[in-house]
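# Fold and contact review
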Amino acid sequence: MILYISILLTLLAIVFSKSKLLAKVIFIHMWVLWGWHSWNGDYDAYSNMYLENSAFSGKLLDYEVGYKLINYIFSSLGFSFQFFQIIIAFVVLYVIYKISSNLVRHIALFSAAYMLIFFMEYVFIRNYIAHALILYGIYLLFNAHDSRRRFKFFLILVLATSIHISSIIAFIFLLADK
């Protein structure tokens, strides 16, 4: 059923490529798939990590301390892993939708194409959060008319790196700025 809905949305996006409403429907489809799923290859690992981080050490030099802190905050507030996943999915996909809707004319078509990336990436929660932060940082770096945009980008990358260490590679974008 999920496959048929995804194919239908893609076909509609080809016909109505500029539809913001259809783009929102596609992103809501992705949110439901991510937020309310209860198993994938890494689900158990992330669920266990969430439960273990209820005893956050608070060490700033801990490995990927940003992600552990997010887990700790949600867990301390008494939220289930499922609720945590719903909120994270919403925030990540909202950031990606907002950035893309500001940059892309054929937003529905872009959203349908983005579903392909989504299907490969939503399993990796830490990576996906960092990915959204990096995209937001790149958007600020190259589209903002703010004298502090490089500093903001740097801070966003530090945050992304604290969530997933692979984000460190994105610091190279500082060299691409004029």
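To be clear, the structure that these remarks concern was listed above.
Since this is a predicted model, take the numbers as computed values, not measurements.

## Description of the packing of helix α2 (residues 20-35) against helix α6 (residues 107-121)
The contact between α2 and α6 brings their axes to 7 Å, and the two run at 15°. With respect to α6, the element α2 is oriented roughly parallel. Where α2 crosses over α6, the two elements pack in a sense that is left-handed. Within the contact between the two elements, α2 uses K20, L22, A23, I26, F27, H29, M30, L33 and W34 and α6 uses I107, A108, S111, A112, Y114, M115, F118 and F119. The residue inventory of the contact of α2 with α6, partitioned by class, reads 14 nonpolar, 2 polar and 1 charged.

## Quick look at the nonpolar core
By size, the foremost hydrophobic cluster in this structure holds 47 residues, and its most contacted members are W34, F118 and Y128. It is helix α7 (residues 125-143) that contributes the most residues to this core, 10 residues altogether. When near neighbours in sequence (up to four residues on either side) are disregarded, Y128 contacts W34, V92, L93, I96, Y114, F118, E121 and Y122.

## Considerations on the packing of aromatic side chains
Under the definition given, this model contains 20 aromatic pairs. Here the aromatic rings of Y50 and F84 are separated by 5.0 Å at their centres, their planes lie at 35°, and the arrangement is tilted. Placement of Y50 in helix α3 (residues 43-52) and of F84 in helix α5 (residues 81-103) is noted, with a sequence separation of 34 residues between them. Summarising the burial analysis for this pair, Y50 and F84 share the class buried. Among the aromatic residues, ring-to-ring pairing joins Y43, Y46, Y50, Y67, F74, F79, F81, F83 and F84 into one connected group.

## Regarding the environment of V123
Its place among the elements puts V123 in the loop between α6 and α7. In this structure the C-alpha to C-alpha distance between V123 and Y46, which are 77 residues apart in sequence, comes to 9.5 Å.

## A word on the environment of L141
With respect to the helices and strands, the residue L141 is situated in helix α7. When the C-alpha atoms of L141 and V15 are compared, they prove to be 33 Å apart, with 126 residues separating the residues in sequence. Apart from residues no more than four positions distant in its own chain, L141 is found in contact with R149, R150, F153, F173 and D177.

## Focus: the side chain of S101
Structurally, S101 can be placed in helix α5. The class for S101 is buried, based on a relative accessible area of 13%. At 3.0 Å, the side chain of S101 forms a polar contact with the backbone oxygen of K98. When neighbours within four sequence positions are excluded, S101 is seen to be in contact with K20 and I107.

Cut-offs and rules
Residues numbered from 1 in each chain as written. Predicted model: local features only at pLDDT ≥ 70, side-chain atom pairs only at ≥ 80, totals over all residues. Heavy atoms only, no water. Axes fitted to C-alpha atoms, helices over the stretch in contact; angles between N-to-C directions. Helix = DSSP H or I, 4+ residues; strand = E, 2+ residues; numbered from the N terminus. Parallel < 35°, antiparallel > 145°, perpendicular 65-115°, else oblique. Left-handed = near helix turned anticlockwise from the far one by under 90°. Contact = heavy atoms within 4.5 Å. Nonpolar A, V, L, I, M, F, W, Y, C, P; charged D, E, K, R; others polar. Core = buried A, V, L, I, M, F, W, Y, C linked by side-chain atoms within 4.5 Å. Buried < 20%, exposed > 50% of the residue type's maximum accessible area, 1.4 Å probe, protein only. Phe/Tyr/Trp six-rings, centres within 6.5 Å; stacked < 30°, edge-to-face > 60°. Polar contact = N/O pair within 3.5 Å; in protein donor to acceptor, adjacent residues only side chain to side chain.

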